[in-house]
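Structure at a glance
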Amino acid sequence: MEELDRSRAFARDVKRIVVKVGTAVVTGKGGRLALGRLGALCEQLAELNSDGFEVILVSSGAVGLGRQRLRYRQLVNSSFADLQKPQTELDGKACAGVGQSSLMSYYETMFDQLDVTAAQLLVNDSSFRDKEFRKQLNETVKSMLDLRVIPIFNENDAISTRRAPYQDSSGIFWDNDSLAALLALELKADLLILLSDVEGLYTGPPSDPNSKLIHTFVKEKHQDEITFGDKSRLGRGGMTAKVKAAVNAAYAGIPVIITSGYSAENIDKVLRGLRVGTLFHQDARLWAPITDSSARDMAVAARESSRKLQALSSEDRKKILLDIADALEANETTIKAENELDVAAAQEAGLEESLVARLVMTPGKISSLAVSVRKLAEMEDPIGRVLKKTEVADGLVLEKTSSPLGVLLIVFESRPDALVQIASLAIRSGNGLLLKGGKEARRSNAILHKVITDAIPKTVGGKLIGLVTSREEIPDLLKLDDVIDLVIPRGSNKLVTQIKNTTKIPVLGHADGICHVYVDKSCDTDMAKRIVSDAKLDYPAACNAMETLLVHKDLEQNAVLNEFIFALQSNGVTLYGGPRASAILNIPEARTFNHEYCSKACTVEVVEDVYAAIDHIHQHGSAHTDCIVTEDHEVAELFLRQVDSAAVFHNASTRFSDGFRFGLGAEVGVSTGRIHARGPVGVEGLLTTRWIMRGKGQVVDGDNGIVYTHQDIPIQA
């Protein structure tokens, strides 16, 4: 499974950042400076500096750069005879001295072009043993940062007391990765970024196709699982050194990201909370599971927990929901912060306006969700209700009772509030639950899942509700028809159709929400305008929003149609017409009537009468929700009887087609099918039946000696 997003790793505001760039990033082939990469890095750091961040750079590369320059000089000054002799290894300290001046010269030149001042600070391991040195270091760096100067640190290898660069790992720090970690702690940084030549930490060598990128490092889980490849081709430590430094800094309270220095925008992406590289954080074990669970393991665990839930008393199950409602309100600030990050990322990614609209948790949404959860808790316990009681024979009584379905798999897109509704309905109905939300709501779903599962008592277990975070797990889950009892997809036509075509598990849901409002000639005009406006504008992205407005032909002739059009267009609705309406209203013709806009747009068409409206709905609708606005009750009854949709309304907005508004407490989705449940699906749609028989030793014995009475027994209230 993918692990929880790192956005909450930066709970406090990030102000001071230590960035360490490795030799493999600084230099290219042949040991020469990678001018393009370094230029892009300097531009990122300069931009951060101008935005008010305090930037500290730790740069490797001096030894590698010096070796390249000295080899070149050695080659130029060598005779042909000299070149035939075995070449001796260049002294690392000499390489460091030569390379450091070249490296710093480049940084100064580049930062000067960006109107930024940089300063060189060379340190040795032994210096950090001196308290006065450390005090002075803090004061000097603070002064530089106050002046918007970028300090550039490197170990002074040229005069280091180590035996040789790359060979001695003793001391307080032993390479620039550990130096960066030490500086982050010493200078009280808010974040440490280690730039490497790979995307982050992998489960094995990055060149191995079976290796996977670890998004969040959990020490208890990963320290014994990782197989490291070779160390850096040019530098001292490679990934082993980076991980050691990252773990030390993270467990001392400094969040660390290891990511690629080859991508020009990675530092900016890290600061925006986007999912790049590998995160190290002291609380990572609280966010990510210590052991991976397979799809089957998750489903089996959900079933086992659901049986524990069913064994609780009705009051105990009710208390779980009340605790969840309280937890939602208590964590409102955190939930909203996570949601805002999702919305910002969606907008930046250029997602459709309708998708972003479904993603936003508007002000008051958490309180509204808490209210719906409490209302659900106060409803009659749905589990174990006696639906029918029959005396089969004398002393033999049969009861038909309500029972949970088992384990539900809900796949939904965008709307994080759906997670709360679905989870509360699953708990009230005694079902286990697996949830797969859209990646665009990853942060929102993760925090909501955590808040809800933390409120579930340990006697039941948080595994009652599993959060599936990887799309790759869905095909495996859809094969588990022996463990998962019902799939409910909530999303696009494509999503629903794809799931229906790839599973043997029963599927409940709707592919489209093409809802119609038909305004009859005998309508109350003001009422019709209110209903039409509400059905389209109350929440344009909802599946129960009006997508097609059908208008009786007489309303075009008496100009009432124009009033509807003005009401919609003045509120920013884009209109498309059917063949008849587009000619009358001079609006673009709709490409098809079979279209769900999920936005401030809709189709308009003029029809002959109520019969034509019904025919249009049957031909182009999705059997979701359709409405007639009329004062003629005979026409209204005709419409209500003949329109074959899950919900059919008279003089009421299609937006009422909702589980909460129906009094179901909440809804897990809307079903346009005709088997099991239809329309908004609340608790009852998540139940099946069981037969309970109580006897006094009766046997069948070929039906000899038993007299069947089959008498209904009144059910006690």
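Cut-offs used in this document
- Residues numbered from 1 in each chain as written.
- Predicted model: local features only at pLDDT ≥ 70, side-chain atom pairs only at ≥ 80, totals over all residues.
- Heavy atoms only, no water.
- UniProt positions renumbered as here; feature names shortened; annotations may be inferred.
- Helix = DSSP H or I, 4+ residues; strand = E, 2+ residues; numbered from the N terminus.
- Buried < 20%, exposed > 50% of the residue type's maximum accessible area, 1.4 Å probe, protein only.
- Contact = heavy atoms within 4.5 Å.
- Areas by Shrake-Rupley, 256 points an atom, 1.4 Å probe, with all protein chains shown as cover.
- Right-handed = clockwise from strand over helix to strand, strands pointing away.
- Pairing = 2+ DSSP bridges.
- Axes fitted to C-alpha atoms, helices over the stretch in contact; angles between N-to-C directions.
- Patch = residues over 30% accessible without salt bridge, like charges linked within 9 Å, V, L, I, M, F, W, Y side chains within 5 Å.
- Salt bridge = Lys/Arg side-chain N within 4 Å of Asp/Glu carboxyl O.
- Lys, Arg positive; Asp, Glu negative; His and termini not counted.
- Charge placed at Lys NZ, Arg CZ, Asp CG, Glu CD.
- Arc of directions from axis to C-beta.
- Polar contact = N/O pair within 3.5 Å; in protein donor to acceptor, adjacent residues only side chain to side chain.
- 1 Å grid on protein atoms, 1.4 Å probe; cavity = no way out; pocket = protein on both sides within 12 Å on 5 of 7 lines; lining within 4 Å.
- Points joined across faces, edges and corners; volume = space filled by probe spheres on them.
- Nonpolar A, V, L, I, M, F, W, Y, C, P; charged D, E, K, R; others polar.

Under an unreviewed UniProt entry, the name given to the protein is Delta-1-pyrroline-5-carboxylate synthase, and the organism recorded is Camelina sativa. Checking UniProt for the protein, the heading Function (unreviewed entry) contains the comment "P5CS plays a key role in proline biosynthesis, leading to osmoregulation in plants."

Okay, the overall build of the protein next. In terms of helices and strands, the protein carries 26 helices and 24 strands. A total of 717 residues make up the protein; the buried ones form 54% of that total. Long-range pairs, those at least 24 residues apart, make up 75% of the contacts in the protein with a sequence separation of at least 6. For the protein, the accessible area works out to roughly 32,400 Å², and carbon and sulfur atoms hold 49% of it.

Turning our attention to the pairing of strand β16 (residues 546-552). For β16, the tally of buried residues reaches seven of seven residues, placing the bulk of the element in the interior. Between the parallel elements strand β15 (residues 515-519) and β16, the chain passes through helix α21 (residues 525-537) in a crossover that is right-handed. Relative to strand β18 (residues 601-607), β16 is paired through five bridges, and the arrangement is parallel. Residue pairing across strands places Leu-549 opposite Val-604, the latter belonging to β18.

Turning our eyes to something else, we now look at the sheet that holds β15. Within the open sheet, the six strands sit side by side as β17-β18-β16-β15-β19-β20. Their pairing is parallel. Strand pairing shows two members of the sheet lacking a second neighbour, β17 (574-577) and β20 (647-650), which therefore form its edges. In this sheet, adjacent strand axes meet at a mean angle of 20 degrees when their direction is disregarded. The pairing of β15 with β16 spans five bridges and is classified as parallel. If you follow His-516 over to β16, its bridge partner there is Thr-548. Packing against the sheet, helix α25 (residues 610-620) makes contact with β15, β16, β18 and β19 (625-629), and its axis sits at approximately 175 degrees to β15. Strand contacts of helix α26 (residues 633-642): β15, β19 and β20, with the helix running at about 175 degrees to β20, the strand carrying the most contacts.

The next point concerns a negative patch on the surface. A contiguous patch of negative charge, built from Glu-43, Glu-47, Asp-51 and Glu-265, is present on the exposed surface. Within the secondary structure, Glu-47 sits in helix α2 (residues 35-50).

A few words on α25. All buried positions along α25 are accounted for by Val-610, Ala-613, Ile-614, His-616, Ile-617 and His-620. Burial along α25 is one-sided: seen end-on, the buried residues are contained in an arc of 160 degrees. Set apart from the buried face of α25 by more than 90 degrees, the exposed residues are Asp-615 and Gln-619. The elements touched by buried residues of α25 are β15, β16, β18, β19 and α26. N-cap assignment for α25: the residue whose side-chain oxygen lies 3.2 Å from the backbone N of Tyr-611 is Asp-609.

The subject of this paragraph is empty space enclosed by the protein. Within the structure shown, the criterion is met by one cavity of 30 Å³ or more. Volume-wise, the largest cavity comes out at about 30 Å³. Considering the residues around the largest cavity, the lining is formed by Ile-335, Lys-336, Met-361, Thr-362, Gly-364, Lys-365 and Ile-366. Mapped by element, the contributors of at least two residues to the lining of the largest cavity are α14 (332-348) and α16 (365-378). Here the residues of the lining of the largest cavity sort into three nonpolar, two polar and two charged.

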